[in-house]
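Each chain, letter by letter, is given below.
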Amino acid sequence: MKLLSRIEEIILLSIWRLDDRAYGMAIREEVIKATGKKWLLGAIYGPLGRLHKNGYVLSSKGEPTPERGGRSKVYYRLSREGIKALREINRVNSVIWNDIEKLEFKEE
Amino acid sequence: MNRQTIKPPRIAVRILEFIIQKDIQYGALGDFEEQFYWMRKEHGLFKARLLYWKQIAGALPYFIQNTIIWSLIMFKNYLKTIFRNTTRHRGYSFINLAGLAIGMACTLLILLWVKDELSYDRFHENGKNIYRIMSYGTKYMIEGIDGTPAPLAPAVKEEVPGIVNYARFSDIPKLVFKYADKVFYETRGLIADPSIFEIFTFPFVQGDPKTALSEPLDIVITETMAKKYFGTEDPMGKTIEVEGNLAAVKGVIRDIPHNSHIQFDFLSSYEFIEEVTNYGTNWGAFNFVTYLQLEANRDIHEIGKNITAVAAKNNCPQVKDGVEFRLQPLSAIHLDNRGAFRNYAEVGDRKYVYVFSIIAFFVLFIACVNFMNLSTARSTTRAKEVGMRKTVGASRKNLILQFFGESLFLTLTACVFALILVIVMLPAFNQIAGKDLKLDLIDIQLVFGLIIIVLLTALTAGSYPAIYLSSFKPVKVLKGVFKSEGKGKTFRKVLVVTQFSLSIALLIGTSVTYNQLRFLRHSKLGFNTENIVYVPVKENIGKSYDAFKAELLSDPNINSVAAQYYLFADESFRTTGYDWEGKERGQQVDIILNLVDYDFIPMMGLELVEGRNFSKEYATDATRAYILNEEAIKQMRMQNPVGKQFSYGQRKGTIIGVLKNAHFRSLHLKIEPHVLFFLDDVSAATEYGVILIKINGDKTEEALAKIQGVWKEFNPITPFEYHFLDQKYDSLYRKEQKIGTILNAFTLFAVIISCLGLFGLASFLTEQRTREIGIRKVLGASESSIVFLLSKQFTKWVLIANIFAWPAAYFIMNEWLKSFAYRISIGIWAFVLPGILAVSIALVTVSYQAIRAAWANPADSLRYE
């Protein structure tokens, strides 16, 4: 399987964490919270689009609100593929992060 | 409610739509708008907008990485496809490229021509505020002439508000200039007010514009003229002998640009004419051209009315009779200069600017049609490619872009060839058009024009292929059952018919123009122009005219000699100051007057319908006799004119003869009233006078040598100069001849391009039917029947094209012919011949392919079945 990029991974996790509240704005907040960096809204959609295209996330429309110019919110949730991908990442991570306690800078 | 109306910046939204992936766009747009909404609540509208833009910028890096890089990779593939397609079908590619290149070259040439026509008089710094005074009046049959009385301008500047400055011009007859051993005729001189240098931009190389023309005998010359007389010497302050006067060179100016309607080699001071004539106070002589410099944004109608009022107050006789003055902007003069006394520069014509622009467009369109036709006809060969591309995920938009890209690429290539063609053809074109056009690729206007031509061509040529080819259904195409559909066929028919309609219309235009010009050249003027040479009346020749004449007539190759006050083809001296027996009250007839001697009427072969010629037997003829033409008699409403009283001012006399109407002047004009006086003293005619010499047509050279010898004998100083009368009359239609030649050339190109296209189409369609032909032959069809079968369809289209071309061409050419007072009527042959020509050219083009196909051995074409 194809490995995801870091930001794709974070977005996927954010969507899972947000559960049924995962729409664009909320995902961005979540990503900002996780990384501590200011993410521009636009920067979310590139990776999100790719995830959507590759079938890791599914979308569904919510209720229209006036502040969105009458548009509906679009909620994202993980697809079977998405969950599989996260599990896979987790597995890979736990293998390669295995001895992380020993990580320290050695003075010579 | 208000928050519904305040939206994010629209352009930003469009950009967003463009860069965000389609399937998540809906949600994204909503999110962005929500973001905008909260931002606006928190930071206000301005900041919200800024932040909105900033948020979008965040999407860019990903977009660039994913889209543009992939586009470049696809672009490479597209280029490869174009390259393969062009090289695989060399013949078609050549037709496409050649057609487009020729078409674009024609368009470029015409563009250069039009640009030059429109560039006249734009180089003057005050240009926008310079106007020429034009005189209009129905009574004198004056339709907008540029003549005005000399005292008008000073009076107007004094009394009418809004006028900054004025300058007056008058032309000077041909003069002999002499400096040391250099003697030349100078024909391009003008008399002008010194203010000309304040109003117009004619930069000085040497001398002071403020004082240059202040003395009566001051002259200002152009650089070229300075070089001609003085070579490397300093011309300033030198004196040139001008027919007995010593003129001092007070300034040298740069040569006048060709795109100035005011043209001259030297300027002479207004003071000079002021000294020798009374023009300065004469309100009745309309012999000055007046230019005014106005203050910005003045109402020119108002000023025109005021000028007329000033002239009326000063008892200008013409104004009392209804002449009024109007102002014409400087920039409009070149294209609307029919009324000029004497045209210093070539006169343009707005009509031809339009006509040529339209022709340029046609020729280019014809080339585009070739492209469209061949691409759609060859669609079967591209169909598989389209199918494949669609199968692997190309959207219709991708394909449309691809095909437009292809046509743009081809057009650009054609453009390079077109530029080369233009460079090659420009010298010849310049010669035909009498211009000095240059292809200046740094010129922004030109480059801009070029870009527009390329884009327009690419769009037109690529439009149908792009839409048609991209619409193929991959399933159908790849199954292999695809055949070019009926829709494409009909469209091709329409295109070919349009193409040939345009070509045939151009052919008809060419034939009508040719016939009209031939008609002008060969129509009976009512007098002879052949074998008549004329020389100017200069210095001693006027004084010793009788001896000069006798000496010439002693030569057997010289048949007769006559003198004329001025040449009808050059000038027209007209006035209404006549009286006659039975003249009605208030009746005015504008009659052109000229003076001739005894031999003029017989030499020209002019016919007298009544009365007699001037004769030595009647002593009173010298001062009392008048010969009028039929038109004059008709307009005067006179019965039995011979013997009736007629007078011009104080000169009272009788009518001794009536001339049959003859076309003394251009056939653009109706025959006008003429009156001939007797020219008693030839030496009075030194300004414009000519001596006409009828020579033996078989011994032209001997006769000319004799004339030159006699001239030298009587006139050792002035250079010998002669012209042929028939050439002079031909030159009256030079503009039309030029236009005719240009039209011929472009028609030729249009026909060539159309035929190229037809050739390509025919060869393609014949190729497609190879098997059909093979089977027909096996089943016993004769070769001729196959040629007929193949040629039939194309011939039919070209025949149909005639139906559209004829009425359109008739309408346009009829309009053009209206500019001639004497014109041919367009006969049916003017249509039939071009029609037949077009059909036969098309037939020849097609039959080459048809014959080749018909003669092919069916065994070869059927082998693979």
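Further up the page is the structure itself.
To start, this report covers the structure provided alongside it. Quantities reported herein were computed from a predicted structural model and do not represent experimental measurements. (Residues numbered from 1 in each chain as written. Chains lettered and ligands numbered in written order. Predicted model: local features only at pLDDT ≥ 70, side-chain atom pairs only at ≥ 80, totals over all residues. Heavy atoms only, no water.)

## Quick word on the packing of aromatic side chains
Residue and element names in this part refer to chain B. The final tally for this structure, using the stated rule, is 43 aromatic pairs over all chains. Between Phe177 and Phe266 the ring centres are 4.7 Å apart and the planes differ by 55°, which places this aromatic pair in the tilted class. Here Phe177 is found in strand β4 (residues 175-179), whereas its partner Phe266 is found in strand β11 (residues 266-269), with 89 residues between them in sequence. When the ring of Phe527 is compared with that of Tyr729, the centres are 5.5 Å apart and the planes differ by 65°; the resulting orientation is edge-to-face. Placement of Phe527 in the loop between α19 (486-522) and β14 (532-536) and of Tyr729 in helix α26 (residues 725-731) is noted, with a sequence separation of 202 residues between them. An identical accessibility class is assigned to Phe527 and Tyr729; each is buried. Within the aromatic cluster, the residues linked to one another by ring pairs are Phe177, Tyr179, Phe184, Tyr229, Phe230 and Phe266. Here the basic side chain of Lys351 rests over the ring of Tyr352, its NZ or CZ set 5.6 Å away from the ring centre. (Phe/Tyr/Trp six-rings, centres within 6.5 Å; stacked < 30°, edge-to-face > 60°. Helix = DSSP H or I, 4+ residues; strand = E, 2+ residues; numbered from the N terminus. Buried < 20%, exposed > 50% of the residue type's maximum accessible area, 1.4 Å probe, protein only. Lys NZ or Arg CZ within 6 Å of the ring centre and 35° of its normal.)

## Focus: helix α16 (residues 396-433) of chain B
Given 3.6 residues to a turn, an α-helix orients residues that are three or four positions apart in the same direction. Residues and elements named next belong to chain B. The first and last C-alpha atoms of α16 sit only 48 Å apart over 38 residues, clearly below the 56 Å expected at 1.5 Å per residue. In the structure, α16 departs most strongly from a straight axis at Met425, where the bend amounts to approximately 45° and where the proline Pro427 lies between one and four residues downstream. Positive backbone phi, approximately 65°, marks Gly434, located one or two places after α16. (Expected span 1.5 Å × (residues − 1). Bend = angle between axes of the 7 residues up to and from the residue.)

## Overview of helix α4 (residues 45-57) of chain B
Across its 13 residues, α4(B) extends 19 Å between first and last C-alpha, which sits within 8% of the 18 Å expected from 1.5 Å per residue. Looking at α4(B), one finds that the buried residues are Ala48(B), Leu51(B), Tyr52(B), Gln55(B) and Ile56(B). The arc that holds every buried residue of α4(B), seen down its axis, measures 145°, which confines them to one face. Buried residues along α4(B) sit against α2 (24-35) and α3 (41-53) of chain A together with α2 (10-19), α3 (25-43) and α5 (60-88) of chain B. (Arc of directions from axis to C-beta. Contact = heavy atoms within 4.5 Å.)

## Examining the pairing of strand β21 (residues 645-648) of chain B
All names here are of chain B. Direction of pairing for strand β17 (residues 578-580) relative to β21: antiparallel, over a ladder of three bridges. The partner of Tyr578 across the bridge, within β21, is Tyr648. In terms of strand pairing, β21 meets strand β22 (residues 651-659) through four bridges, oriented antiparallel. Each bridged residue has a counterpart across the sheet, and for Phe646 the counterpart in β22 is Gly653. Count of turn residues in the β21/β22 antiparallel hairpin: two residues, of which Gly649 carries a positive phi of about 60°. (Pairing = 2+ DSSP bridges.)

## What to know about the interface of chain B and chain A
Counting residues at the interface gives 24 residues for chain B and 27 residues for chain A. Counting the surface lost from both chain B and chain A, the interface buries some 2300 Å², and carbon and sulfur atoms represent 58% of this. Our enumeration of links across chain B and chain A arrives at three salt bridges. At the surface where chain B touches chain A, the tally comes to nine residue pairs in polar contact (both at pLDDT 80 or more). Only α1 (2-5), α3 and α4 of chain B provide two or more residues apiece to the side of chain B that touches chain A. Counting residues per element, the side of chain B that touches chain A draws most heavily on α3(B), at 12 residues. Across the side of chain B that touches chain A, the residue classes break down as 10 nonpolar, seven polar and seven charged. (Buried area = accessible area lost by both parts, 1.4 Å probe. Salt bridge = Lys/Arg side-chain N within 4 Å of Asp/Glu carboxyl O. Polar contact = N/O pair within 3.5 Å; in protein donor to acceptor, adjacent residues only side chain to side chain. Nonpolar A, V, L, I, M, F, W, Y, C, P; charged D, E, K, R; others polar.)

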